[in-house]
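# A closer look at the structure
Residue strings, one per chain:
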Amino acid sequence: MKLLVVGGGGREHAIIKKLRENPEVTEIFACPGNGGIAMDATNVDIGAKDIDGIVDFAVREQVDFCVVAPDDPLVLGCVDALEAKGIPCFGPNQKAAILEGSKVFSKGLMQKYGIPTAKYAVFDDPKAAVAYIREQNQFPTVIKADGLALGKGVIIAATLSEAEAAVASIMEDKLFGDSGNHIVVEEFLQGPEVSVLSFTDGKTIVPMVSSMDHKRALDGDRGLNTGGMGTVAPNPYYTKEIAQVCMDTIFLPTVRAMCKEGRPFKGCLYFGLMLTENGPKVIEYNCRFGDPETQVVLPLLKTDLLTIMQAVHDERLADVNVEFDPKSAACVIVASGGYPQAYKKGCVMSFGNVDNLPDVTVYHAGTAEKDGRLVTAGGRVLGVTATGEDLPAALQKAYAAAQEIQFEGAFYRRDIGARALKALENE
Ligand code: AMP
Ligand code: GLY
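One structure accompanies this document, and this report is about it.

Reading the values: rules and limits
- Throughout this description, residue numbers start from 1 for each chain and increase along the sequence as written.
- The naming scheme follows written order: chains are lettered A onward, ligands numbered 1 onward.
- Only residues with pLDDT of 70 or above have their local features reported here, since the model is predicted, and side-chain atom pairs are shown and tallied only from 80 upward, although totals for entire chains, interfaces and linings are computed over all residues.
- Here the side-chain values reflect all heavy atoms present in the structure, with hydrogen atoms and water set aside.
- Helix axes use the C-alpha atoms of the stretch in contact, all axes being lines fitted to C-alpha atoms, and the angles between their N-to-C directions lie in the range 0 to 180 degrees.
- Strands here mean DSSP runs of E at least two residues long; helices mean DSSP runs of H or I at least four residues long; both are numbered from the N terminus.
- By definition in this entry, angles of less than 35 degrees are roughly parallel, angles greater than 145 are roughly antiparallel, angles of 65 to 115 are roughly perpendicular, and the rest are oblique.
- Should any heavy atoms of two residues lie within 4.5 Å, those residues are counted as being in contact.
- Under the convention adopted here, Pro, Cys and the residues Ala, Val, Leu, Ile, Met, Phe, Trp and Tyr are nonpolar, Asp, Glu, Lys and Arg are charged, and Gly plus all remaining residues are polar.
- For salt bridges, the criterion is a side-chain nitrogen of Lys or Arg within 4 Å of an Asp or Glu carboxyl oxygen.
- Per-residue accessibility, obtained with a 1.4 Å probe over protein chains only, is compared with the maximum for each type, and a residue is labelled buried under 20%, exposed over 50%, and partly exposed between these values.
- Throughout this document, a residue counts as near a molecule or strand when at least one of its heavy atoms sits within 4 Å of that molecule or strand.
- Residues adjacent in sequence count toward polar contacts only when both atoms are side-chain atoms; beyond that, a polar contact is any pair of N or O atoms within 3.5 Å, and within protein one must be able to donate a hydrogen and the other to accept it.
- For accessible areas, the Shrake-Rupley method is used with a probe of radius 1.4 Å. Any residue's cover is judged against the shown protein chains and nothing else.
- Should DSSP find at least two bridges between two strands, the strands are taken to pair.

Another aspect to go through is the packing of helix α1 (residues 10-19) against helix α11 (residues 305-314). Packing of α1 against α11 leaves a shortest axis separation of 8 Å and a crossing angle of 105 degrees. Taken as axis vectors, α1 and α11 run roughly perpendicular relative to one another. Of α11, the residues touching α1 (which contributes I15, K18 and L19) are L305, L306 and M309. When grouped by side-chain class, the residues that make up the contact of α1 with α11 number 5 nonpolar, no polar and 1 charged.

Shown next, in the form of structure tokens:
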């Protein structure tokens, strides 16, 4: 089988490594891939948003199955375009990807179907938004751009003046472009966050092992928001009891709601949840695998990934027994100095003894090959991942491996998993 994976980050590297485990897979292309992905797949110099280029390539190469991993091509209708040419895909079509593509849509869906989420209001006029925030007079308050914004479209405003500045920057200065034509103003929720990725074929939903992201750049959850600086799985806050509540009040209702709206969702549906005093609530939906959640979830998946993805496409997920290893996994992101703001690219990398460390996998996120050497090419550079019998063991191995990595300006958080370890101690 010839596969094509759209994307070129750590998430895509993890998906590709897992797909390769299937002996029927003869070739995997990555559009565009990256320096590390090149060791596991054939990179193709076509960007993930170049839908026409991707479709032309897939048709020319007679690709048998395609995985569209990032949000942008999904929201742009990449799956629709490929399937129109007869190429089966894993991923939602454009009508279903709106669940991530528009926060106004997703909040409206949750309200209509009684799915627990933060209280909110929608605005297309900055003055009305500020008047509402003034009247609510509850801080912090949360201001979100409607559309995709590279995971950065959320501003938590501690005061009225911060909120006014946030509304102005999103709606008037267009900080996130047209994504900010509408905004959602919502209630600030508190509690541990949990990421739950799931497989769904529009009828059946199978949650994967839970995980915990670490979004801020610096230790102690300080610094700017990033795409994610590390993850652990499973998430100890996500007990069996909470999982059942989520299945009954969030997961199944969401899948059914999308069908009722004539937008059946097929692919990986990601639930960003907050476990509040009043029960689990949805912070966000993503229409794809999370990054770097995938880097800790897929190493624990025991069932063949391609088999699951094909079953999702064929709408027979109920027939597949999806199993996870009861071990733990931890991923530490090694980033370029300065990330998530300006950083240098092209730094030569060395990997020390990493290849010889047991249970360790280094997923490449922002790397490129230059003159036969691997160099940095992004803010998040590597996702150093390890599995272990328990979370302390996984963390110990991941950090031992992260220490081996060297390039100019390299940094990583030293406290990935610390909050999860505390939760385990209190059990
Ligand atoms: P997102 O880009 O939607 O993942 O949001 C980024 C982060 O903002 C989330 O991971 C949360 O930590 C935080 N956040 C989003 N919405 C809320 C909310 N209603 N209350 C508190 N924190 C929030
Ligand atoms: N790690 C969060 C996301 O993928 O959106």
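Having seen the structure, we can now continue with the description.
The subject of this paragraph is the pattern of salt bridges. Counted according to the given criterion, the structure contains 20 salt bridges. Notably, a salt bridge pairs E284 with K215, separated by 3.9 Å at the nearest N-O pair. Remark: K215 occurs in the loop between β12 (212-213) and β13 (216-218) and E284 occurs in strand β17 (residues 279-286); sequence separation between them is 69 residues. Classification of E284 by relative accessible area gives buried; the value is 19%. Its relative accessible area of 30% is what places K215 among the partly exposed residues. Note that D314 is salt-bridged to R316, the shortest N-O span being 3.0 Å. Given the relative accessible area of 39%, D314 is considered partly exposed.

Right, let's talk about the packing of helix α6 (residues 103-113) against helix α9 (residues 240-260) for a bit. The interhelical angle for the contact between α6 and α9, taken along N-to-C directions, is 105 degrees, at an axis separation of 10 Å. By the angle between their directions, the pair α6 and α9 is classed as roughly perpendicular. Residues F105, L109 and Y113 of α6 form the contact with α9, whose own contacting residues are A257, M258 and K260. Its residues assigned to classes, the contact of α6 with α9 comprises 5 nonpolar, no polar and 1 charged.

Another aspect to go through is the site of ligand 1. Near ligand 1 there are 15 residues, and of these E186, E187, L189, E193 and E284 occur at the shortest range. At 3.0 Å, a side-chain N or O of K144 approaches a nitrogen atom of ligand 1. Note that a nitrogen atom of ligand 1 is positioned 2.7 Å from one of the side-chain N or O atoms of E186. Against a free-state accessible area of 480 Å², the protein chains account for coverage of 92% of ligand 1. If you list the elements that add at least two residues to the shell around ligand 1, you get β7 (141-145), β8 (154-157), β9 (183-187) and β17. Of the residues contributing to the shell around ligand 1, the split by class is 7 nonpolar, 1 polar and 7 charged.

Moving on, we come to the side chain of S179. With respect to the helices, strands and loops of the structure, S179 is situated in the loop between α8 (160-172) and β9. Note on S179: relative accessible area 14%, which makes it buried. Residue contacts for S179: discarding those within four places in its chain leaves A145, D146, G147, L148 and A149.

Turning next to the pairing of strand β22 (residues 380-388). Taking burial as the measure, the 9 residues of β22 include 9 buried ones, the bulk of the element. Bridge analysis of strand β18 (residues 328-335) against β22 gives 8 bridges, and the strand direction is antiparallel. Pairing of A335 across the sheet is with R380, part of β22. Relative to β22, strand β19 (residues 360-364) runs antiparallel, the two being bridged by 5 bridges. Considered in β22, the bridge of T361 is made with T385.

Taken together, D213, G227, Y270, N286, R288, G290, D291, P292 and E293 make up the full set of residues near ligand 2. The separation between an oxygen atom of ligand 2 and a polar side-chain atom of R288 is 2.9 Å. In isolation ligand 2 offers 200 Å² of accessible surface; the protein chains occlude 90% of this area. The class makeup of the residues in the shell around ligand 2 is 2 nonpolar, 3 polar and 4 charged.

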